[in-house]
Amino acid sequence: MIDVALTVNGRAMTVSVEPRTLLVEVLREKLRLTGTHVGCDTSQCGACTVHLDGLSVKACTMLAVQAEGRSVTTIEGVAPDGVLHPMQAAFREHHGLQCGFCTPGMVMSALALVERNKNKPLTEEIIRSELEGNMCRCTGYAGIVASIAAGAKAMGAKVEG
Amino acid sequence: MYAFDYQRAKSVADAAAAFEKADDAAFLAGGQTLIPTLKQRLRQPSVVIDLGTLTELKGISVTQEAVIIGAGMTHAEVAASPEVAKAIPGLADLAAHIGDPQVRNRGTLGGSIANNDPAADYPGAVVALGATVHTSTRELSGEDFFTGMFETALAPGELVVKVSFPIPRRAAYAKFRNPASRYAIVGVMIAETASGIRVAVTGAGPGVFRVPEMEGALSQNFSIAAIRNIRIPADDLNADIHATAEYRAHLIGVMAERAISAIA
């Protein structure tokens, strides 16, 4: 077993893991942060998306030991006081989910794409291309794209169209 | 995933020494290929040596002649680098379309070329731009580095440290991608370099290859018309559920035309 010191949702901690333990397994099974979902477990679907030092990554395709010294934010860390983040509220308002399984990953990707594109106006084209790593099998994406545009606006980002 | 030991390398020399000592070690860069491979139990290393924290593998520098990129630079870092975008916009564009945003935040240049997936994008750039691969022990041209499907000239324990891409007069990459995996079904990079026009194809065959007939034609006349009648034989090309060999052969022409349009 290896001790891994990391920060999860602002809380510094040390977890003891086998080298083969995935980051998503630590989050879900050790820390009981079950908002991060495992969809495909093959790096395709993006349901397991979390932020690693602010960048979106697939927690199913990272070993927990690789998070040593890093800061991880999960969907639980987005609304720590129980009040929905503006991006989450936008998903509810604009029909950005049906079954909800992909939603935590979608919201984490949405927050990352707003941050990454903060120096230019956000367009539907940018939102769609930035969502390539997230799959939704219910909505057809129209509601998700509309939600992200609205959520970005609510966060103070410039959105075109 | 089978169990394995884990070691975090402290330097390139330390990584090589750890590899030497182990029975069957595997280097871990960004893990975007290795981890799925481990999950499928297609590999069973005794120890995984993590290169992820090596500052020796980081950094981008630009000289008069070349853009030098550390093997540990992620695709997102290369894509977002203003220096790369200014010197070789076609390379920044290639990096920006590897995989998806999450994969680009983890996957690295060194990991991609060391794995030499026949459908990977970077091998096309290494060969088209006439880049030099700097390993922990030597320097190799792309043609010498890529030796076959998932095969490279890397010896056990040898690792990619950086890649030096000579700055071309102009270059562009066009990819017909698998919409699910974003890997290249066919990708063509065309570059006008100091040593002439180079055309490199990835995704279509067992490994990256050049197309001398297109290079010759484009050297005479850099236009779509110059290559329109060149037919690529399908004999040695890949065929799978996504595309037949004949379709890939056709796509080489189409992607080459798109790359020329993007340049001209």
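Source: prediction; values computed, not measured.

Cut-off values and rules
- Residues numbered from 1 in each chain as written.
- Chains lettered and ligands numbered in written order.
- Predicted model: local features only at pLDDT ≥ 70, side-chain atom pairs only at ≥ 80, totals over all residues.
- Heavy atoms only, no water.
- Core = buried A, V, L, I, M, F, W, Y, C linked by side-chain atoms within 4.5 Å.
- Buried < 20%, exposed > 50% of the residue type's maximum accessible area, 1.4 Å probe, protein only.
- Helix = DSSP H or I, 4+ residues; strand = E, 2+ residues; numbered from the N terminus.
- Domains from an automatic or database assignment.
- Contact = heavy atoms within 4.5 Å.
- Buried area = accessible area lost by both parts, 1.4 Å probe.
- Salt bridge = Lys/Arg side-chain N within 4 Å of Asp/Glu carboxyl O.
- Polar contact = N/O pair within 3.5 Å; in protein donor to acceptor, adjacent residues only side chain to side chain.
- 1 Å grid on protein atoms, 1.4 Å probe; cavity = no way out; pocket = protein on both sides within 12 Å on 5 of 7 lines; lining within 4 Å.
- Points joined across faces, edges and corners; volume = space filled by probe spheres on them.
- Nonpolar A, V, L, I, M, F, W, Y, C, P; charged D, E, K, R; others polar.
- Pairing = 2+ DSSP bridges.
- Axes fitted to C-alpha atoms, helices over the stretch in contact; angles between N-to-C directions.

**Quick word on the nonpolar core**
So, point 1. Ile-49, Ile-113 and Phe-165 of chain B are the most contacted members of the largest nonpolar core, which totals 52 residues.
So, point 2. It is helix H8 (residues 122-128) of chain B that provides the largest number of residues to this core, a total of five residues.
So, point 3. Per-domain counts for this core show at least three residues from each of domain 1 (1-53) and domain 2 (170-263) of chain B.
So, point 4. The contact partners of Ile-113 of chain B, leaving out residues within four places of it in the chain, are Tyr-122, Val-126, Val-133, Phe-145, Phe-146, Thr-152, Val-160 and Val-163 of chain B.
So, point 5. Counting 33 residues, the second largest nonpolar core, distinct from the first, contains Val-4, Val-8, Ala-64 and Val-65 of chain A.

**Description of the domain arrangement of chain A**
All names here are of chain A.
So, point 1. Domain boundaries in chain A define domain 1 (2-76) and domain 2 (86-154).
So, point 2. Each of domain 1 and domain 2 has a C-alpha centre, and these two points are 21 Å apart.
So, point 3. Listed per partner, the contact involves 15 residues of domain 1 and 14 residues of domain 2.
So, point 4. Together domain 1 and domain 2 conceal approximately 1,200 Å² of surface at their shared face, both sides included; 62% is due to carbon and sulfur atoms.
So, point 5. Of all residues in domain 1, His-37, His-51 and Ile-75 give up the largest surface area on contact with domain 2, accounting jointly for 39% of the area buried on that side.
So, point 6. Along the contact surface separating domain 1 from domain 2 lie zero salt bridges.
So, point 7. On inspection of domain 1 and its partner domain 2, the count reaches six residue pairs in polar contact (both at pLDDT 80 or more).
So, point 8. When contributions to the side of domain 1 that touches domain 2 are tallied by element, the ones reaching two or more residues are strand E3 (49-52) and strand E4 (55-58).

**Some words on the layout of surface pockets**
Residue and element names in this part refer to chain B.
So, point 1. In this structure, the second largest pocket spans a volume of roughly 240 Å³.
So, point 2. Surrounding the second largest pocket, 15 residues form its lining, Asp-117, Pro-118, Ala-119, Asp-240 and Arg-248 being those nearest its centre.
So, point 3. Residue classes in the lining of the second largest pocket are distributed as seven nonpolar, five polar and three charged.

**Things to note about the interface of chain B and chain A**
Interfaces are frequently sized by the accessible area removed from exposure as the parts join.
So, point 1. In this complex, chain B contributes 27 residues to the contact, which on the side of chain A involves 29 residues.
So, point 2. Here chain B and chain A share an interface that buries about 2,200 Å² over both sides, 52% of which is from carbon and sulfur atoms.
So, point 3. By the criterion of area lost to chain A, the three top residues of chain B are Lys-39, Gln-102 and Arg-106 of chain B, representing 28% of everything that side buries.
So, point 4. If you look at where chain B meets chain A, you find three salt bridges.
So, point 5. Measuring nitrogen to oxygen at the nearest pair gives 2.6 Å for the salt bridge that ties Asp-41 of chain A to Lys-39 of chain B.
So, point 6. Contributing elements (two or more residues each) for the side of chain B that touches chain A: strand E1 (5-8), helix H2 (34-39) and helix H6 (101-104) of chain B.
So, point 7. Grouping the amino acids of the side of chain B that touches chain A by side-chain chemistry returns twelve nonpolar, seven polar and eight charged.

**Points about empty space enclosed by the protein**
So, point 1. All told, the structure shown has one cavity of 30 Å³ or more when counted by the stated rule.
So, point 2. Estimates place the volume of the largest cavity at around 50 Å³.
So, point 3. Looking at the lining of the largest cavity residue by residue, the classes come out as three nonpolar, one polar and three charged.

**Concerning the pairing of strand E6 (residues 132-135) of chain B**
All names here are of chain B.
So, point 1. When E6 meets strand E7 (residues 139-141), the two strands line up antiparallel, connected through three bridges. When the bridges of E7 are listed, Val-133 appears paired with Leu-140.
So, point 2. The loop that links E6 with its antiparallel partner E7 comprises three residues.
So, point 3. The pairing of E6 with strand E10 (residues 160-166) spans four bridges and is classified as antiparallel. Bridging from a neighbouring strand, His-134 pairs with Lys-162 of E10.

**As for the sheet that holds strand E2 (residues 11-17) of chain A**
Residues and elements named next belong to chain A.
So, point 1. Across the sheet, five strands lie side by side as E2-E1-E5-E3-E4; this open sheet has mixed pairing. Both outer strands of the open sheet, E2 and E4, are each paired with one neighbouring strand and no more. The sheet shows a mean angle of 40° between the axes of neighbouring strands, direction not considered.
So, point 2. Strand contacts of helix H1 (residues 23-30): strand E1 (2-8), E2, E3 and strand E5 (71-73), with the helix running at about 105° to E2, the strand carrying the most contacts.
So, point 3. On the sheet, helix H3 (residues 103-116) packs against E3, E4 and E5 and is oriented at approximately 40° with respect to E3.

**Some details on the environment of Leu-94 of chain B**
Residue and element names in this part refer to chain B.
So, point 1. Position of Leu-94 relative to the elements: it lies in helix H5 (residues 89-96).
So, point 2. Sequence-wise, Leu-94 and Lys-175 are 81 residues apart; in three dimensions their C-alpha atoms are separated by 8.6 Å.
So, point 3. Aside from chain neighbours lying at most four places away, what touches Leu-94 is Asp-121, Tyr-122, Ala-125, Tyr-173 and Met-189.

**A short note on the domain arrangement of chain B**
So, point 1. Segmentation of chain B into domains returns domain 1 (1-53) and domain 2 (170-263).
So, point 2. Look at where the C-alpha atoms of domain 1 of chain B and domain 2 of chain B centre, and you get two points 34 Å apart.

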